[in-house]
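Analysis of the macromolecular model
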Amino acid sequence: MLMRRVAAALLTMVALAAWATPAHAATRVLYYDASQAQEFVAVVNQGAQIWNSKVTTVRLEPVPAGRTPNIRVYADNGWPRTYTSSLGNGYWYMGREAVNDGYSKPRIAAHEFGHILGLPDRRTGLCADLMSGSSAPVSCTNANPNSTEAATVNRLFGTSVAVPAGYFTERAA
Ligand SMILES: [Zn+2]
């Protein structure tokens, strides 16, 4: 009888603890290293801040000294491109080919971070879509994910969905 009462009390405590726990998981922090992004360091930071203002389940932060980054950012003369190893991990290039063609630098940075955050290319041609990439006009300066893109990232990190490794290039058609 006593054991049963103790068990019942424990179950009540467990139930109360579960009830008190917030429904949303903790925000996952991803560290990025922009130290090799050459002249694009500021725009890489801008791309990270755009995502931080739009999603709640993941945050992009500059890597502290001595810590291994989840994301590395480079710069070269090719097309912007991203290589992911898993959700939230990989590296991307700020490619001068697109910059010199006139594509918006903040849009490129936010788009490549979008791949790291689990979004594929969707070449809709629409400037309102961040992941339409270079299919949107060169004049497009929208660097914000639309509500569907932000919701997808929130869901991926909120539920820790497994995302396979990928390679995404922005080479214009
Ligand atoms: Zn892309």
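This report concerns the structure included in the present document. Predicted model, so just to flag it, every value in this text is computed and none were measured.

What follows concerns the overall build of the protein chain. If you tally the helices and strands in the protein chain, you get five helices and six strands. Helices and strands appear in the protein chain in the N-to-C order α-β-α-β-β-β-β-α-α-α-β. Long-range pairs, those at least 24 residues apart, make up 62% of the contacts in the protein chain between residues at least 6 apart in sequence.

What follows deals with the pairing of strand β4 (residues 81–86). Pairing analysis gives five bridges linking β4 to strand β5 (residues 89–95), with the strands arranged antiparallel. Paired with threonine 82 across the two strands is tryptophan 92, which belongs to β5. A loop of two residues connects β4 with β5, the two strands running antiparallel in sequence, and glycine 88 in this loop sits at a positive phi of about 90°. Two elements, β4 and strand β6 (residues 166–169), share four bridges in a ladder whose sense is antiparallel. Bridging from a neighbouring strand, threonine 82 pairs with phenylalanine 168 of β6.

Turning our attention to the packing of helix α2 (residues 41–52) against helix α4 (residues 105–116). Geometrically, a packed helix pair is captured by the angle between its two axes and the distance between the axes. Where α2 meets α4, the closest approach of the two axes is 8 Å, and the angle between their N-to-C directions is 60°. In this view, α2 runs oblique relative to α4, as classed from their interaxial angle. Our pair here, α2 against α4, has a crossing hand that is right-handed. Residue-level inspection shows Val43, Val44, Gln46, Gly47, Ala48, Ile50 and Trp51 of α2 in contact with α4, the latter providing Lys105, Pro106, Ala109, Ala110 and Phe113.

Okay, unusual backbone geometry next. One non-glycine residue, glutamine 38, lies in the positive phi region at around 50°. Assignment of secondary structure puts glutamine 38 in the loop between β1 (28–36) and α2.

Strands sit in the order β2-β1-β3-β5-β4-β6 across an open sheet of six strands; the sheet is mixed. Only two strands of the sheet have a single partner each, and these edge strands are β2 (58–62) and β6. The mean inter-strand angle of the sheet, taken between neighbouring strand axes irrespective of direction, is 20°.

The first and last C-alpha atoms of helix α5 (residues 147–158) sit 16 Å apart over 12 residues, in line with the 16 Å expected at 1.5 Å per residue. For α5, the full list of buried residues reads Glu149, Ala150, Thr152, Val153, Leu156 and Phe157. Across the axial projection of α5, the buried residues extend over an arc of 160°, all falling on one side. What points out from α5, more than 90 degrees from its buried face, is the exposed set Ser147 and Thr148.

How each quantity is defined
- Per-chain numbering applies: the sequence of each chain, read as written, is numbered from 1 onward.
- In keeping with the model being predicted, local features are shown solely for residues with a pLDDT of at least 70 and side-chain atom pairs are shown and tallied solely at 80 or more, while totals for entire chains, interfaces and linings include all residues.
- Helical segments are the DSSP runs of H or I of at least four residues, strand segments are the runs of E of at least two, and each set is numbered from the N terminus.
- Note that contacts rest on C-beta atoms placed from the backbone: two residues are in contact if these are within 7 Å.
- In this analysis, strands are considered paired if DSSP registers two or more bridges between them.
- Between N-to-C directions, angles span 0 to 180 degrees; the directions come from axes that are lines fitted to C-alpha atoms, helices contributing only their stretch in contact.
- Comment on the angle field: the value is read as roughly parallel under 35 degrees, roughly antiparallel over 145, roughly perpendicular from 65 to 115, and oblique elsewhere.
- Note: crossing handedness is left-handed where the near helix turns anticlockwise from the far helix by less than a right angle, and right-handed where it turns clockwise.
- Here the expected length of a helix is defined as 1.5 Å per residue gap, with one fewer gap than residues.
- We call a residue exposed when 12 or fewer other C-beta atoms sit within 10 Å of its C-beta, buried when the count reaches 20 or more, and partly exposed for counts in between; the C-beta positions come from the backbone.
- This arc is built from the directions going out from the helix axis to the C-beta atoms.

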